[in-house]
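Chain by chain, the residues run as shown.
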Amino acid sequence: MKVIYLFLSVMFIISCAEKERTSDPISSAHKKPKNIILVEGDGTGLSQVSAAQFFKEGPSNYDRFPVVGLIKTSASSDLITDSAASATAFATGIKTYNGAIGVNPDTIHMPNILEIVSKKGLRTGIIVTSTITHATPACFYAHVKNRNHHEEIARFLPTSEVDFFAGAGLQYFNKRKDGINLLTTFQENGFMIDTTSLKEHIDAQKLGFLLAPESMPSMLEGRGSFLQDASKMALKRLSNNEGFLLMVEGSQVDWGGHDNDADYLIAELIDLDNTIGALLDFAIADGETLVIITADHETGGFTLAAKDGDYNTIVPSFSTKNHSATMVPVFAYGPGSEYFGGVYENTEIFHKILKTIGE
Ligand code: MG
Ligand code: ZN
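Residues numbered from 1 in each chain as written. Chains lettered and ligands numbered in written order. Predicted model: local features only at pLDDT ≥ 70, side-chain atom pairs only at ≥ 80, totals over all residues. Heavy atoms only, no water.

### Section: empty space enclosed by the protein
Evaluation of the coordinates by the stated rule reveals one cavity of 30 Å³ or more. Of the volumes computed, that of the largest cavity is approximately 40 Å³. Forming the boundary of the largest cavity are Thr44, Val49, Tyr62, Ile293, Thr294, Ala295, Pro329 and Phe331. (1 Å grid on protein atoms, 1.4 Å probe; cavity = no way out; pocket = protein on both sides within 12 Å on 5 of 7 lines; lining within 4 Å. Points joined across faces, edges and corners; volume = space filled by probe spheres on them.)

### Re the coordination of the magnesium ion (ligand 1)
Around the magnesium ion (ligand 1), the protein supplies Asp42 (OD), Thr136 (OG1) and Glu249 (OE) as donor atoms, at distances of 2.0 to 2.2 Å. Read from N- to C-terminus, the donor residues coordinating the magnesium ion (ligand 1) fall into the pattern D-x93-T-x112-E. Residue threonine 136 is found in helix 6 (residues 135–138), and its partner glutamate 249 is found in strand 7 (residues 244–250); the two are separated by 113 residues along the sequence. Residue class for threonine 136 comes out buried when judged on its relative accessible area of 0%. On the accessibility criterion, glutamate 249 (1% relative accessible area) is buried. (Donors = N, O, S within 2.8 Å, 3.2 Å for Na, K, Ca; no water. Helix = DSSP H or I, 4+ residues; strand = E, 2+ residues; numbered from the N terminus. Buried < 20%, exposed > 50% of the residue type's maximum accessible area, 1.4 Å probe, protein only.)

### Some details on helix 4 (residues 83–92)
For an α-helix the count is 3.6 residues per turn, leaving residues at separations of three or four pointing the same way. The element helix 4 is largely enclosed, with a buried count of 10 among its 10 residues. Of the positions making up helix 4, those classed as buried are Ser83, Ala84, Ala85, Ser86, Ala87, Thr88, Ala89, Phe90, Ala91 and Thr92. Sitting at the head of helix 4, aspartate 82 places a side-chain oxygen 3.1 Å from the backbone nitrogen of alanine 84. Just past helix 4, the residue glycine 93 takes up positive phi, approximately 80°. (Polar contact = N/O pair within 3.5 Å; in protein donor to acceptor, adjacent residues only side chain to side chain.)

### Things to note about the sheet that holds strand 14 (residues 342–345)
Spatially, 5-6-4-3-7-1-8-13-2-14 is the arrangement adopted by the 10 strands of the open sheet, whose pairing is mixed. The strands lining the two open edges of the sheet, one partner per strand, are strand 5 (191–194) and strand 14. Along the sheet, successive strands turn relative to each other by an average axial angle of 15°, direction set aside. Bridge count between strand 1 (residues 35–41) and strand 8 (residues 289–294): six bridges; the pairing is parallel. By the bridge assignment for strand 8, asparagine 35 is matched with threonine 289. (Pairing = 2+ DSSP bridges. Axes fitted to C-alpha atoms, helices over the stretch in contact; angles between N-to-C directions.)

As structure tokens, then:
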């Protein structure tokens, strides 16, 4: 009797496992995504993401992702990456040196994902809370050997494949040392540029927002819902039959980490979390959108430590004013998300995205 019971139990477990496997996204999904949304929380390691769970009112949107992976982030030049080498890894699929913008270790221009998918007819967008010429966004449209060359980076944007962008850094376009006014160059290339506020311009074919001379204000300084609003505007504008690629960056989570300022960091993280919620809502309703959330590296050696011996009180703490080498998480949802589980190099983000669309 015991033996029969054991046998039946085993059969039951096997059939459950079988059932599980057939509904598993890895075996069932070869559906190609039409739209791709890549979100980067600059400096957002696992403790930063965990902070959303403890310090945000209501559930974190990170909790809604079915697929989770981890990436290794070292640069070709250094064990610890900066944002430029890491964004070049995401955008072009190669390891390069810290400071490189879309170029390989020999400073050769590497084709980036935005250039690649726009050739297939996808529309493209970039939204950041830093200058649009900052290291992370720059790697998606420029090819420059040093991240500090903001004016050189800016020259790439008007003639790039970008259809929509929002961020700051106006001074690198209209108050340049070389005297060139790139706002005119934008116009010549079919762009409408708004330097005053985030509002829709229905007639503009391509649209860009440069909303501050240098950086956007932080959340604590009153940036409000800019990141979410710009993201929703981009989703509306970029949606079309061929699909789109949208890159969204929570740029200032990193700056809170560099400042070792937990309030700054957490306010930026919650803003990013809310934006991720809006993007994920779109993807769920749409059904053809792949959403990937990741980070370029961790900043601050941030940790959620127990206060002395009190295990019921968290003290957000830092161990460095710089970046750290720790792996950072990847969250994915939608068609193609099954490729993003596991432990892999940051360059794989590029290769996996191309794989999902059959490139
Ligand atoms: Mg950045
Ligand atoms: Zn940083």
